[in-house]
Amino acid sequence: MADSLPEHPPNTPTPMSDDRIWIDGCFDFAHHGHAGAMLQAKQLGKYLVVGVHSDEEILENKGPTVMNLKERMAAVTACKWTDLPVPGAPYVTSPEWMDLYGTRYVVHGDDVTTDSSGEDCYRIVKAAGRFKVVKRTPGISTTDLVGRMLLCTKTHHIRDLGKLLLDQTSEEGRELLERTKMYASDSFGVVGKGSTVYNFVTEQPGGRCVPVVSGVGPKPAQRVVYVDGGFDLFSSGHIEFLRRVVEREKEEGHEDIYVVAGVHDDRTINQWKGLNYPIMNMFERGLCVLQCRYINSVVLTAPFSPTKGFLETLPTGVPSVVYHGPTTFMPGDEDPYEEAKEMGIFQEIGNHEFAGVNAGEIMGRILKQRELYEERQRRKGVKAENEVQMIN
């Protein structure tokens, strides 16, 4: 679990160390671009301190947030590369704050972020020689995701991700597989020592799980837990559900569990939810789940209904328990968990403070204040042009 402090910033400074790295940002609804920056930052040291800006400072410098600070903190805390989350970090990175947390260097992507006055947010730490650059994750940002919602596009959907990942004759396939391996790394960013990844295919009766990324499997006799879902926009609702699964297991005396997460494909989610759902495609959603500290293995293209036959195909072994949240299905629809219930292994996680925070809720927040977010998109476009000029 991530560390915590009784107050921020702390009264007593932590001793300075090159192994302690600072990274900060808005982290407005979790996506794999945020996680990718944290992964690269963690690989530059051994302990990652993640500063999260306040709602008020983001509003002043960038525009309205979609998620509030508490929701954004939940997402940052759940990332397996985060060691210490810090709420209320200054929008313009402060060496004084970094000193209090014992972090010599701050890490940021190879783009420029500006404040409300148009100045580089990292100008002070750059001048002090305490700035390190990592590669920005291409093709994903909070701005991109808001744009998908406002424009209702579906061009981001992927038809057969498993086939693409395993097609090493394709440059795109090789690139996606390499990124999947990185996100499947352990809490120190070591590839091959973290999560296993499979893709479920139905080319033969009953289907089978095809290995995509090798990692650490369950130990002999270790209790296997199965969860599944769309995990679209991987929000605090999903994260709190997963955290409570781990918490419930501990309360029942199961300290050492192995959690397998099934992720539904784009076509399945779109059939159930319509419009342009999912907002994130399966590759993006898979990476979001992989970066979560509560998960040990991911099964892509998992069926909507975890039948007895499917559960018996899992390479991690037949789960001891299948968890799901309090989803209400439409009258007349078959219960997708019917067979898990017949097996006597189904358990439900009840309501919690983030239970209503899902892709639909997030889209609703944006559409409700559409004009504000469209202005944010416009301002972001103007800022981006200025920021590119600053780089060049």
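For clarity, every value in this text was computed on a predicted model and none was experimentally measured.

Now for the packing of helix H8 (residues 171-183) against helix H11 (residues 282-290). Any two packed helices are characterised by the angle at which their axes cross and by the distance between the axes. Where H8 contacts H11, the two axes come as close as 9 Å, and the packing angle between them is 20°. One element, H8, and the other, H11, form an angle in the roughly parallel class. The handedness of the crossing between H8 and H11 is left-handed. For the pair H8 and H11, contact is made by Leu 176, Arg 179, Thr 180 and Tyr 183 and by Phe 283, Leu 287 and Leu 290, respectively.

Taken in spatial order, the 5 strands line up as E3-E2-E1-E4-E5 in an open sheet, and their pairing is parallel. Strands with a single pairing partner mark the edges of an open sheet, and in this sheet they are strand E3 (84-87) and strand E5 (131-134). Sheet twist, expressed as the average angle between the axes of neighbouring strands with direction ignored, equals 30°. Relative to strand E2 (residues 47-52), helix H1 (residues 32-43) is tilted by about 145°, and along the sheet it contacts strand E1 (17-25), E2, strand E4 (103-109) and E5. The sheet contacts of helix H3 (residues 69-78) involve E2 and E3, and relative to E3 the element is tilted by about 165°.

What follows is about the pairing of E1. Relative to E4, E1 runs parallel, the two sharing 4 bridges. Across the sheet, residue Ser 17 finds its bridge partner in E4, namely Thr 103.

Take the domain arrangement of the protein chain next. Domain annotation of the protein chain identifies domain 1 (17-137) and domain 2 (157-360). Here the C-alpha centroids of domain 1 and domain 2 sit 28 Å apart. Contacts between domain 1 and domain 2 engage 23 residues on the former and 27 residues on the latter. Contact with domain 2 buries area across many residues of domain 1, yet His 32, Ala 78 and Lys 80 alone supply 33% of it, more than any other trio. Linking domain 1 to domain 2 there are 1 salt bridge. Notably, a salt bridge pairs Lys 70 with Glu 353, separated by 3.1 Å at the nearest N-O pair. It is H1 that contributes the most residues to the side of domain 1 that touches domain 2, 7 residues altogether. When grouped by side-chain class, the residues that make up the side of domain 1 that touches domain 2 number 10 nonpolar, 8 polar and 5 charged.

Cut-offs applied
- Residues numbered from 1 in each chain as written.
- Predicted model: local features only at pLDDT ≥ 70, side-chain atom pairs only at ≥ 80, totals over all residues.
- Heavy atoms only, no water.
- Axes fitted to C-alpha atoms, helices over the stretch in contact; angles between N-to-C directions.
- Helix = DSSP H or I, 4+ residues; strand = E, 2+ residues; numbered from the N terminus.
- Parallel < 35°, antiparallel > 145°, perpendicular 65-115°, else oblique.
- Left-handed = near helix turned anticlockwise from the far one by under 90°.
- Contact = heavy atoms within 4.5 Å.
- Pairing = 2+ DSSP bridges.
- Domains from an automatic or database assignment.
- Buried area = accessible area lost by both parts, 1.4 Å probe.
- Salt bridge = Lys/Arg side-chain N within 4 Å of Asp/Glu carboxyl O.
- Nonpolar A, V, L, I, M, F, W, Y, C, P; charged D, E, K, R; others polar.

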